[in-house]
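Understanding the architecture of this molecule
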Amino acid sequence: ATLKRRKASQPARASLQRPSAAQPPSKGGLSVTSTAFFYTICLLALATVFFLLGKAMGGSDVIDPTRSMLRALVSDSSRSSPTASLTDAEAESRLSLDESAWPRGWGEMSYKDVVKTLSCKEVFKNSNNPLPSIDDWTVLRYAYSRVVDPRWTFDDPVPPTEGYSHHEQYHDPPPYVARMSPGKGRGLFASRRIREGELVHRGGNQGDVEFTGGGDKWRRYMFSLPRPLACQIASWNWTQRTEEGGDLRFFVNLNIAALMNSGGKHYKAEANVWPAPDRSGSRSYSMLLYANRDIAEGEEILMDYDVYTTSYKMVGL
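Residues numbered from 1 in each chain as written. Predicted model: local features only at pLDDT ≥ 70, side-chain atom pairs only at ≥ 80, totals over all residues. Heavy atoms only, no water.

Quick word on the environment of Ser 284
Which entries qualify depends on this criterion: Secondary structure follows DSSP: runs of H or I at least 4 residues long count as helices, runs of E at least 2 residues long count as strands, and numbering of each begins at the N terminus. Note on contacts: a residue pair is in contact if any heavy atoms of the two residues lie within 4.5 Å.
For Ser 284, the location among the structural elements is in the loop between β8 (273-275) and β9 (288-291). Separated by 23 residues in sequence, Ser 284 and Val 307 have C-alpha atoms that sit 5.7 Å apart. Discounting residues that sit within four places of it in the chain, Ser 284 has contacts with Gln 240, Arg 241, Val 307 and Tyr 308.

Thoughts on the packing of aromatic side chains
Put simply, the test is: Pairs were defined over the aromatic rings of Phe, Tyr and Trp, the Trp ring being its six-membered one, requiring ring centres within 6.5 Å. Orientation was assigned from the angle between planes: stacked under 30 degrees, edge-to-face over 60, tilted for the rest. Our definition puts a charge over a ring when NZ of Lys or CZ of Arg is within 6 Å of the ring centre and also within 35 degrees of the ring normal.
One pass over the structure, following the stated rule, counts 14 aromatic pairs. Joined through ring pairs, the aromatic side chains of Tyr 111, Tyr 144, Trp 152, Phe 154, Phe 211, Trp 218, Tyr 221, Phe 250 and Tyr 312 make up one cluster. Above the face of the Phe 189 ring, Arg 179 is positioned so that its terminal group lies 4.1 Å from the ring centre.

Focus: the sheet that holds strand β4 (residues 208-210)
Here is the rule we go by: A pair of strands counts as paired when DSSP detects no fewer than two bridges linking them. To define axes, lines are fitted to C-alpha atoms, for helices over the stretch in contact only, and angles between the resulting N-to-C directions are given on a 0 to 180 degree scale.
Spatially, the three strands line up as an open sheet ordered β4-β6-β5, and their pairing is antiparallel. Both edges of this open sheet fall to β4 and β5 (238-240), since each of them pairs with a single strand only. Each strand of the sheet is rotated relative to its neighbour by a mean of 40 degrees, with strand direction disregarded. The sheet contact formed by β5 and strand β6 (residues 249-253) spans three bridges and is antiparallel. Across the sheet, the residue bridging to Trp 238 is Phe 251, located in β6.

Examining the state of the cysteines
To be explicit about the condition: Two cysteine sulfurs form what is called a disulfide whenever their separation falls within 2.5 Å. The classification of residues rests on relative accessible area computed with a 1.4 Å probe and restricted to protein chains. Under 20% of the type maximum is buried, over 50% is exposed, and intermediate values are partly exposed.
Under the criterion given, the structure shown has one disulfide. Linked covalently through their sulfurs, Cys 120 and Cys 231 form a disulfide whose S-S length is 2.1 Å. With the S-S bond torsion at -80 degrees, the cross-link from Cys 120 to Cys 231 turns out left-handed. Of this pair, Cys 120 sits in the loop between α5 (111-117) and α6 (121-125) while Cys 231 sits in helix α9 (residues 227-236), placing them 111 residues apart in sequence. Summarising the burial analysis for this pair, Cys 120 and Cys 231 share the class buried.

Right, here's the structure in full:
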C-alpha cells in the first residue's frame with residue numbers, strides 16, 4: 001500500500017496517467033489512490049484485530065509474527081539510541097594495544113591471575129556499578145573486532161543498550177529492559193507480560209561472541225580494554241558446551257543480555273527462564289531461554305548459572 005501511495009504521488013508516466021479536468025476517471029473502477037487507501041484501511045483493521053487478540057491473551061507471542069512485526073514498527077519509529085556512538089578512531093584511542101605495556105607474564109596468566117592483576121574484585125563487589133553506556137558497548141565491540149576476530153561484524157539495527165534483534169526478520173528487541181536490581185546491582189526486567197513457554201532470550205545472536213585459541217585471545221582482549229570494562233567482561237563470561245560430547249566453549253554477551261542475574265538453589269529467588277531441552281532432556285547445551293512460568297511485567301528475568309558447566313581451565317585459562 002505504501003508503494004502504491006508513492007507511485008500515486010509521482011509525476012505522470014506513460015503507464016499511469018493522471019486524468020485531465022476534461023476527462024474524469026472512469027466510474028467503472030477505483031483510482032490508484034483510492035485503491036491504496038482501501039488496502040491501507042484493511043491492513044490497519046487487521047493489525048488492530050491481532051493487537052486486541054494479543055492483549056486479550058495476556059501479551060504473549062502466540063500471535064506471531066504479526067504482533068512482533070507491530071512492535072518492531074513502533075520500536076523502529078521511536079528508537080533514538082544509536083547502535084554505536086564513537087568512531088573507530090575514538091574507540092581505538094581508549095584501548096591499550098601496546099603489548100609491552102601489559103603486565104609481565106600476561107600470556108601465561110590464568111583467569112584468576114587476570115582478575116587479580118586487574119583488581120576486579122572491587123568491581124565485582126560493587127552493587128552500584130552503572131548500566132553500561134552506548135560508549136561502553138561501542139568500545140567493547142570495537143575491541144573484539146580489533147583484537148579477537150577482525151571478521152566479526154556488529155550490524156544489528158537494535159542497539160546493545162536495548163539488546164539485539166529478538167526476531168531477526170523484524171528487528172524488535174527482546175522482551176526485557178536493563179535497570180538496577182535491588183540488592184544485586186544491575187539486572188534485566190520484563191518489559192511486558194511473558195507467557196509460560198515463550199522465548200525470552202535468543203542466545204547465539206550477533207552480540208554473543210566467542211573466545212577461541214586456548215585463552216590467548218581472551219587475555220589480549222582483557223589487557224587491551226580499560227580496566228573497568230575488562231572487569232565487567234570477567235564477570236559476564238561463561239563456558240558452555242553447545243552439543244553433547246562437544247568441546248567446552250567460552251562466550252560473553254556484548255549487549256544487555258550480559259546483565260541477566262541468576263536464580264536457582266544457590267540464590268534467593270527461583271529461576272524463571274530455562275534453556276530449551278534437547279532430545280535427552282538435558283538443558284546444558286541450548287542458548288535459547290524460555291519462560292518456565294508466566295512472568296509479570298516488571299519482574300526480574302532470572303536464569304540458573306549452574307545449568308552450564310563452568311571451567312576456565314578447560315578453555316585454556
